[in-house]
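Examination of the molecular architecture
Given next are the chains, with one letter for each unit.
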Amino acid sequence: MSVSEDVQSILKAEATRLGFDLVGICAAQPAPHLDFYKRWIDRGNHAGMEYLQRHESLKATPENLLPGCRSIIAVGLNYKQAAPYEPGEPRIASYALGRDYHRILRARLKRLSAWMEAQVPGVQTRACVDSAPIFERDYARLAGLGWFGKNTCLINSKRGSWFFIGLLLTTADLEPDIAAVGGCGTCRDCIDACPTGAIIFEDGRWQVDSRSCISYLTIEHRGEFDAKLAKRIGSWTFGCDVCQDVCPFNHSRPNQPMRAASSQDPDILQSRKWPSLVELARLGEDDWDALSSGSAIRRTGLEGIRRNARANLENLDA
Ligand code: SF4
Ligand code: SF4
């Protein structure tokens, strides 16, 4: 479905008006890294995330999510905010401190979708926010939002990597942007700083082995930890920011202050009062419901957050 030059020219301004910090466009195309992804799974790097294996074939092309898909609008939303940590308190990854990002991004993408439908009658769209089977980062790279760092985060040379990614698939034919280029050079700060050695080089590129990654262990791992895993998570209660914290692309420079700029977005900054680790380790269902309502931490579940808090307390005493 063709789109007038007028619509094309104001689409990005509309995305910016809706609060997105980055926006780019790429053509719908088969997933560039599908084969690598399959090999990554074959080597067991997905750990217990069986759903990643189940979604392999669906991820092959965006057409599987939106028949007739012609273009993909990729958006980025800065989520950086101070994540203070005191021993005895839970340590939460920066992205999970505010409101659940799925809700924030989906609500804004729906508004962008409504705008598209008003401008281009008959156009179809589908919003994807980290829950549909699609390689968000691959398409965001093609749309010019950033390139892959050794820590596997998408890095924007001007803004760093503290941003959420959302995609709006559409049947509209939009002019694509140029794919982002960049690289880490000889830097290996994230590899050296990762507390568990989870960033590894295999199959020709840097990747994360989920079996060792604290983000996986504290969020996706189900069941109890053995002593080794409990020690591995250290002080982290939900997620881990280390490989982004140390990345030079997230540090400001005189000519690039945006790299370390904190979000000013009220939705992102809506923080909550966190219980202490002792309270978290014995949290009841009602309190968990209240704490996790509208928060990304809900993903780990009550048993998961109690388990993480118990491990944090043991590591505190060690
Ligand atoms: S999130 Fe933490 S544990 Fe996982 S790769 Fe990054 S630094 Fe390592
Ligand atoms: S810390 Fe260095 S090696 Fe790691 S992603 Fe950033 S630039 Fe690349």
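Residues numbered from 1 in each chain as written. Chains lettered and ligands numbered in written order. Predicted model: local features only at pLDDT ≥ 70, side-chain atom pairs only at ≥ 80, totals over all residues. Heavy atoms only, no water.

Around ligand 1 sit Cys194, Pro195, Thr196, Ala198, Ile199, Cys213, Ile214, Ser215, Cys240, Val242 and Cys243, and that is every residue in its neighbourhood. When contributions to the shell around ligand 1 are tallied by element, the ones reaching two or more residues are helix H7 (214-220) and helix H9 (242-245). When the residues that make up the shell around ligand 1 are grouped by side-chain class, the tally is nine nonpolar, two polar and no charged. (Near = heavy atom within 4 Å. Helix = DSSP H or I, 4+ residues; strand = E, 2+ residues; numbered from the N terminus. Nonpolar A, V, L, I, M, F, W, Y, C, P; charged D, E, K, R; others polar.)

Counting residues in hydrophobic clusters, the biggest one holds 48 residues, and the most contacted among them are Ile134, Tyr139, Leu167 and Leu169. Among the secondary structure elements, those contributing two or more residues to this core are strand S1 (22-27), helix H2 (34-42), strand S2 (71-78), helix H5 (136-142), strand S6 (163-170), helix H6 (189-193), H7 and helix H8 (227-232). In terms of residue count, H2 provides more of this core than any other element does, five residues in total. Two domains share this core, each providing at least three of its residues, namely domain 1 (5-83 + 98-170) and domain 2 (189-317). Core analysis: the next-biggest nonpolar cluster, separate from the first, contains 44 residues, Ile73, Ile92, Ile104 and Val120 among them. (Core = buried A, V, L, I, M, F, W, Y, C linked by side-chain atoms within 4.5 Å. Buried < 20%, exposed > 50% of the residue type's maximum accessible area, 1.4 Å probe, protein only. Domains from an automatic or database assignment.)

Our focus in this paragraph is the site of ligand 2. Looking at ligand 2, the residues that line it are Gly149, Lys150, Asn151, Ile155, Cys184, Cys187, Arg188, Asp189, Cys190, Cys247, Pro248 and Phe249. In the shell around ligand 2, the residues fall into seven nonpolar, two polar and three charged. Three or more residues apiece are contributed to the shell around ligand 2 by two domains, here domain 1 (5-83 + 98-170) and domain 2 (189-317).

Next up on the list: the packing of helix H1 (residues 5-17) against helix H4 (residues 101-119). Packing of H1 against H4 leaves a shortest axis separation of 11 Å and a crossing angle of 160°. Between H1 and H4, the interaxial angle falls into the category roughly antiparallel. Along this stretch, H1 crosses H4, giving a crossing that reads as right-handed. Mapping the contact onto sequence places Val7, Ile10, Leu11, Glu14 and Ala15 in H1 and Leu112, Trp115, Met116 and Gln119 in H4. Taken together, the residues that form the contact of H1 with H4 break down as seven nonpolar, one polar and one charged. (Axes fitted to C-alpha atoms, helices over the stretch in contact; angles between N-to-C directions. Parallel < 35°, antiparallel > 145°, perpendicular 65-115°, else oblique. Left-handed = near helix turned anticlockwise from the far one by under 90°. Contact = heavy atoms within 4.5 Å.)

Domain annotation of the protein identifies domain 1 (5-83 + 98-170) and domain 2 (189-317). Here the C-alpha centroids of domain 1 and domain 2 sit 22 Å apart. With 39 residues of domain 1 at the interface, the matching set in domain 2 holds 39 residues. Surface buried jointly by domain 1 and domain 2 totals about 3500 Å² across both partners, of which 50% is contributed by carbon and sulfur atoms. At the boundary of domain 1 with domain 2, the tally comes to six salt bridges. Linking Asp265 and Arg108 is a salt bridge whose minimum nitrogen-to-oxygen distance equals 2.8 Å. Applying the counting rule to domain 1 against domain 2 returns 24 residue pairs in polar contact (both at pLDDT 80 or more). At the level of secondary structure, the elements contributing two or more residues to the side of domain 1 that touches domain 2 comprise H2, S2, H4 and strand S4 (147-148). Tallying contributions element by element places H4 first for the side of domain 1 that touches domain 2, with four residues. Classifying every residue of the side of domain 1 that touches domain 2 by side-chain character gives 15 nonpolar, 14 polar and ten charged. (Buried area = accessible area lost by both parts, 1.4 Å probe. Salt bridge = Lys/Arg side-chain N within 4 Å of Asp/Glu carboxyl O. Polar contact = N/O pair within 3.5 Å; in protein donor to acceptor, adjacent residues only side chain to side chain.)

Quick look at the side chain of Arg159 now. Relative to the elements of secondary structure, Arg159 occurs in the loop between strand S5 (154-155) and S6. The class for Arg159 is buried, based on a relative accessible area of 17%. Those residues in contact with Arg159 that sit more than four places away from it in its chain are Asp21, Leu22, Asn78, Phe249, Asn250, Met258 and Arg259.

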